[in-house]
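# A structural walkthrough
Listed here are the chains, written in short residue letters.
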Amino acid sequence: MNAIDTKLAALGITLPAPAAPVANYVPYVITGNLLVISGQLCFGLDGKLSDAHKGKLGAEIFNEAGLEAARLCAINVLAQAKAALGGDLGKIKRCVRLGGFINATPHFSALPAIMNGASDLMVEVLGDAGRHARSTVGVANLPADAAVEVEAMFEIA
Amino acid sequence: MNAIDTKLAALGITLPAPAAPVANYVPYVITGNLLVISGQLCFGLDGKLSDAHKGKLGAEIFNEAGLEAARLCAINVLAQAKAALGGDLGKIKRCVRLGGFINATPHFSALPAIMNGASDLMVEVLGDAGRHARSTVGVANLPADAAVEVEAMFEIA
Amino acid sequence: MNAIDTKLAALGITLPAPAAPVANYVPYVITGNLLVISGQLCFGLDGKLSDAHKGKLGAEIFNEAGLEAARLCAINVLAQAKAALGGDLGKIKRCVRLGGFINATPHFSALPAIMNGASDLMVEVLGDAGRHARSTVGVANLPADAAVEVEAMFEIA
């Protein structure tokens, strides 16, 4: 167990089986020392998209559920990273960037507070190495009407 | 003719003249062994944006036309890559990432099925090297009311 | 004073204090020779988001104000780059990519003209090194109802 696995255990997080892509692409690509992870939806630890994490912020779902959805996206990002790194999250040197897409009405602008669910999780688990650059935007819709999608880039050893 | 040109010919695809940027930027930048390609719209092989590939998925246009629009975006990505690489697509080592932006109504969530038009083309033409990480989102609008925009990052030799 | 500082002075631009992230992330990360900058909103030189630069293109605000908002985003990107580079913008080798997110109604498609405010500023200040790849999309909303958000990647010495 490396420090990251220990931290995940302390947080009571068991990484889910990484989600299979819902179409003809792959969940991650490594180029040089960059690991690029496909946009991850807010599937639960059971691999299913709960109704509680579907729909638009500002209409069907609200702050607490949105924050939880963003956190789930980050957990799914880590699950993909673990698969990409042959099971060894200790190879992560830095979370370089998260891109956060929030399924939102045109009137919902508290987007950063939602995306914090993903950012906070990354820092909780990776510590300083989890501190990332970030862009957050509200989009018209997301695959499967998911509330949040998060893509990522890591620097790896 | 390298393997990729042969494949394009077999698919009956003649890459169009790469589209000039519609504003003050460049269509691609190479940094190290990464080739970053600007968002490409679904211009046809004649360099024009057909009415059939304009408007929102879920309102003005529907699945088949959206899929074709995404495929055109990917063809335009390859046309830019070819220009960036001095005509030699054989220098592509890997399609690292595609970013897919779908012009969609707030109720249209079958976004991955549309973006498959781009992903499938990339794998058809590049084979395993075309298998990429991907993010797909539905946006409020796109330049010129195009139905799809696709940006790309490649690893090059 | 390097050439870039001289150019900024000639343009009458004093870079603002770089904006603190509005949530749990960092404004930039350096990995290898890439500098990745978090999405910057159109805060003014006083660090405040003016009402003139809030709202949606095509509804609350219009072309001139949108262009100015995009220009402010690019100025904030440069302010972050300066902080990231220990005050020395001369370490910038190339602006590789700008990602432009425009807060827009579903009917506003003159998005490139707005994003030009950012692209033009980058080229005005950095010259040929400022010529970048770019993606521009219209989104449902942005943090704090800002009109424009711009993220960036630079190649650095």
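Because the structure is a prediction, the values reported are computed rather than measured.

Residue and element names in this part refer to chain C. Those residues of helix 1 (residues 3-10) not exposed but buried are Ile4, Asp5 and Leu8. Down the axis of helix 1, the buried side of the element spans an arc of 100 degrees, and every buried residue falls inside it. Exposed and oriented more than 90 degrees from the buried face of helix 1 are Ala3 and Ala10. Taken from the residues just after helix 1, glycine 12 is the one with a positive phi, measuring 75 degrees.

Residue and element names in this part refer to chain C. Spatial strand order, 1-2-5-3-4: five strands in an open sheet with mixed pairing. Every other strand in the sheet has two partners, leaving strand 1 (28-31) and strand 4 (133-139) as the edge strands with one partner each. Strand-to-strand, the axes of this sheet are offset by a mean angle of 15 degrees, without reference to chain direction. Two elements, strand 1 and strand 2 (residues 34-41), share four bridges in a ladder whose sense is antiparallel. Note on strand 2: the bridge partner recorded for isoleucine 30 is leucine 35.

Glancing now at the relation of the copies chain B and chain C. Overlaying chain B with chain C gives an RMSD of 0.0 Å, the required rotation being 120 degrees about an axis along which the chain moves by 0.0 Å. The two molecules are tied by a three-fold rotation axis, judged by turn and shift. The share of interface residues of chain B whose copies in chain C are also at the interface is only 12%, consistent with the copies meeting through different surfaces.

With that out of the way, let us pick up the interface of chain B and chain A. With 29 residues of chain B in contact, the opposing surface of chain A contributes 26 residues. Roughly 2000 Å² of surface becomes buried between chain B and chain A when both sides are summed, with 58% attributable to carbon and sulfur atoms. On the chain B side of the interface with chain A, the three residues burying the most area are Pro106, Arg134 and Val137 of chain B, jointly 21% of the side's total. Put simply, chain B and chain A have one salt bridge between them. Between arginine 97 of chain B and glutamate 151 of chain A there is a salt bridge, with the nearest N and O atoms lying 2.8 Å from each other. Summed over the shared surface of chain B and chain A, the number is 15 residue pairs in polar contact (both at pLDDT 80 or more). Mapped by element, the contributors of at least two residues to the side of chain B that touches chain A are strand 3 (92-103), helix 3 (111-126), strand 4 (133-139) and strand 5 (148-156) of chain B. At seven residues, the largest contribution of residues to the side of chain B that touches chain A is made by strand 4 of chain B. In terms of residue class, the side of chain B that touches chain A is made up of 14 nonpolar, nine polar and six charged.

Summing up the model confidence of chain A, the mean pLDDT is 95 and the portion of residues at 70 or higher is 99%. Both scores are available for the predicted complex, with the pTM at 0.97 and the ipTM at 0.96.

With that settled, the discussion passes to the sheet that holds strand 1 (residues 28-31) of chain B. Where strands meet in a sheet, backbone hydrogen bonds hold them as pairs that are either parallel or antiparallel. Residues and elements named next belong to chain B. Taken in spatial order, the five strands line up as 1-2-5-3-4 in an open sheet, and their pairing is mixed. Only two strands of the sheet have a single neighbouring strand rather than two, namely strand 1 and strand 4. Going from strand to strand, the sheet's axes swing by 15 degrees on average, the running direction of each strand aside. By the bridge criterion, nine bridges tie strand 3 to strand 5 in an arrangement that is antiparallel.

A few words on the pairing of strand 4 of chain C. Residue and element names in this part refer to chain C. Among the seven residues of strand 4, seven are classified as buried, and the element is accordingly described as predominantly covered. Here strand 4 shows a buried face lined by Ala133, Ser135, Val137 and Val139 and a second buried face lined by Arg134, Thr136 and Gly138. The sheet contact formed by strand 3 (residues 92-103) and strand 4 spans seven bridges and is parallel. Bridge pairing in strand 4 places glycine 99 opposite serine 135. Taking the sense of rotation as the criterion, the β-α-β connection linking strand 3, helix 3 (residues 111-126) and strand 4 turns out right-handed.

Taking 1.5 Å as the rise per residue, helix 2 (residues 63-84) of chain C with 22 residues should run 32 Å; its terminal C-alpha atoms sit 32 Å apart, in good agreement. Of the residues flanking the end of helix 2 of chain C, it is glycine 86 of chain C, one or two places downstream, whose phi is positive at about 60 degrees.

Below, the discussion takes up the interface of chain B and chain C. Quite often, the size of an interface is put as the accessible area lost when its parts meet. With 26 residues of chain B at the contact, the number on the chain C side is 29 residues. Contact between chain B and chain C buries roughly 2000 Å² in total, counting both sides, with carbon and sulfur atoms accounting for 59%. On the chain B side of the contact with chain C, Asn24, Val29 and Asn141 of chain B bury the most area, a combined 27% of that side's loss. Run the count over chain B and chain C and you get one salt bridge. There are 15 residue pairs in polar contact (both at pLDDT 80 or more) connecting chain B and chain C. For the side of chain B that touches chain C, the secondary structure elements donating two or more residues are strand 1, strand 2 (34-41) and strand 5 of chain B. Class assignment for the residues of the side of chain B that touches chain C results in 16 nonpolar, six polar and four charged.

Analysis parameters
Starting from 1, residues in each chain are numbered consecutively following that chain's sequence as written. The naming scheme follows written order: chains are lettered A onward, ligands numbered 1 onward. For this predicted model, a pLDDT threshold of at least 70 governs which residues receive local features, and a threshold of 80 or more governs which side-chain atom pairs are given and counted, while totals over whole chains, interfaces and linings are taken from all residues. Computation of side-chain values covers all heavy atoms of the structure but excludes hydrogens and water. Type-normalised accessible area, obtained with a 1.4 Å probe on protein chains alone, sets the label of each residue: buried when under 20%, exposed when over 50%, and partly exposed for intermediate values. Under the DSSP-based scheme used, a helix requires at least four consecutive residues in state H or I and a strand at least two consecutive residues in state E, with every element numbered from the N terminus. Our arc is simply the arc of the directions from the helix axis toward the C-beta atoms. Strands pair, by our definition, only if DSSP identifies at least two bridges between them. A fitted line through C-alpha atoms serves as each axis, taken over the contacting stretch for helices, and the angle formed by two N-to-C directions is quoted from 0 to 180°. In superposing the copies, a least-squares fit is computed on C-alpha atoms, taking residues whose pLDDT is at least 70 in both. Should any heavy atoms of two residues lie within 4.5 Å, those residues are counted as being in contact. Using a 1.4 Å probe, buried area is obtained as the accessible area two parts lose upon being combined, added over both of them. By definition here, a salt bridge exists when the distance from a side-chain nitrogen of Lys or Arg to a carboxyl oxygen of Asp or Glu is within 4 Å. Throughout this description, a polar contact denotes any pair of N or O atoms lying within 3.5 Å of each other; where both atoms belong to protein, one of them has to be capable of donating a hydrogen while the other can accept it, and for residues adjacent in sequence the pair is counted only when both atoms sit in side chains. Note on residue classes: Ala, Val, Leu, Ile, Met, Phe, Trp, Tyr, Cys and Pro are nonpolar, Asp, Glu, Lys and Arg are charged, and everything else, Gly too, is polar. A residue's pLDDT is simply how confident the predictor is in it, with values from 0 to 100. Whether a crossover is right-handed depends on one test, that the path from the first strand over the helix to the second runs clockwise when the strands point away from the viewer. How far a helix is expected to stretch is found by multiplying one less than its residue total by 1.5 Å.

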